[in-house]
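Given next are the chains, with one letter for each unit.
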Amino acid sequence: MSLSITGKVKHIFDTQTFDSGFTKREFVVTSQEQYPQDIKFETIKDKTALLDALKEGQEVTVSFNVRGNEINGKYYVNLQAWRVEAGAKSEPTLYEKAAEAPAASEDDGEPF
């Protein structure tokens, strides 16, 4: 399953390297919608380099996969980023479009 979201980078964590040589790096993006959400993503292996040029507060579009697994009867979900595009502009939401629409005037020449 592949999805994407646009928002601002809130926090970038340090790279974690495990004894096996596996590397992981996490970051948080605040979504741009009526009710913003702080969403934590992870990058693994060579994809950790995607975060090197990012700065907190920067607008990005993150493409990611939803990964789920079970370990000892417990279930986990990870949002695994595979592309991060900086400076991305999103389409305005319906809420934003309604807020920007000009107010109707009573004498605008329309019969209704």
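In what follows, the accompanying structure is described. Computed from a prediction, not measured in an experiment: that's the story for all the values here.

Focus on the pairing of strand S3 (residues 23–31)
So, step 1. Where burial is concerned, most of S3 is hidden: eight out of the nine residues are buried.
So, step 2. By the bridge criterion, two bridges tie strand S2 (residues 16–17) to S3 in an arrangement that is antiparallel. Opposite Thr 17, over in S3, you have Thr 23 as the bridge partner.
So, step 3. Hairpin connection from S2 to S3: five residues lie between these consecutive antiparallel strands, with Gly 21 at a positive phi of about 95°.
So, step 4. Direction of pairing for S3 relative to strand S4 (residues 38–44): antiparallel, over a ladder of seven bridges. Each residue of the ladder has a partner; that of Thr 30, found in S4, is Asp 38.

Regarding the pairing of S4
So, step 1. With respect to burial, S4 is a largely interior element, five of its seven residues being buried.
So, step 2. Once S3 ends, the chain turns through six residues before running back antiparallel as S4.

Details of the pattern of salt bridges
If the charged atoms of two oppositely charged side chains come close together, the side chains can form a pair.
So, step 1. Applying the stated criterion to the full structure yields five salt bridges.
So, step 2. The salt bridge partner of Glu 26 is Lys 24, with a shortest N-O separation of 3.5 Å. Across the pair, exposure class does not vary: Glu 26 and Lys 24 are buried alike.
So, step 3. Close ionic contact of Glu 26 with Lys 40 constitutes a salt bridge, the shortest N to O distance being 3.6 Å. In this pair, Glu 26 sits in strand S3 while Lys 40 sits in strand S4, placing the two residues 14 residues apart along the sequence.
So, step 4. Judged by its relative accessible area of 13%, Glu 26 is buried.
So, step 5. What emerges from the salt-bridge pattern is a single network uniting Lys 24, Glu 26, Lys 40 and Glu 42.

Thoughts on the nonpolar core
So, step 1. One finds Phe 27, Phe 41, Leu 54, Val 60 and Val 62 to be the most contacted residues of the largest nonpolar core, which totals 13 residues.
So, step 2. Counting only elements with at least two residues in this core, the list comes to strand S1 (2–12), S3, S4, strand S5 (59–71) and strand S6 (74–86).
So, step 3. The element that contributes the greatest number of residues to this core is S5, accounting for three residues.
So, step 4. For Val 62, the residues in contact, after removing those within four places along its chain, are Leu 3, Ser 4, Ile 5, Phe 27, Val 29, Phe 41, Ala 81 and Arg 83.

Definitions and limits used
Residues numbered from 1 in each chain as written. Predicted model: local features only at pLDDT ≥ 70, side-chain atom pairs only at ≥ 80, totals over all residues. Heavy atoms only, no water. Buried < 20%, exposed > 50% of the residue type's maximum accessible area, 1.4 Å probe, protein only. Helix = DSSP H or I, 4+ residues; strand = E, 2+ residues; numbered from the N terminus. Pairing = 2+ DSSP bridges. Salt bridge = Lys/Arg side-chain N within 4 Å of Asp/Glu carboxyl O. Core = buried A, V, L, I, M, F, W, Y, C linked by side-chain atoms within 4.5 Å. Contact = heavy atoms within 4.5 Å.

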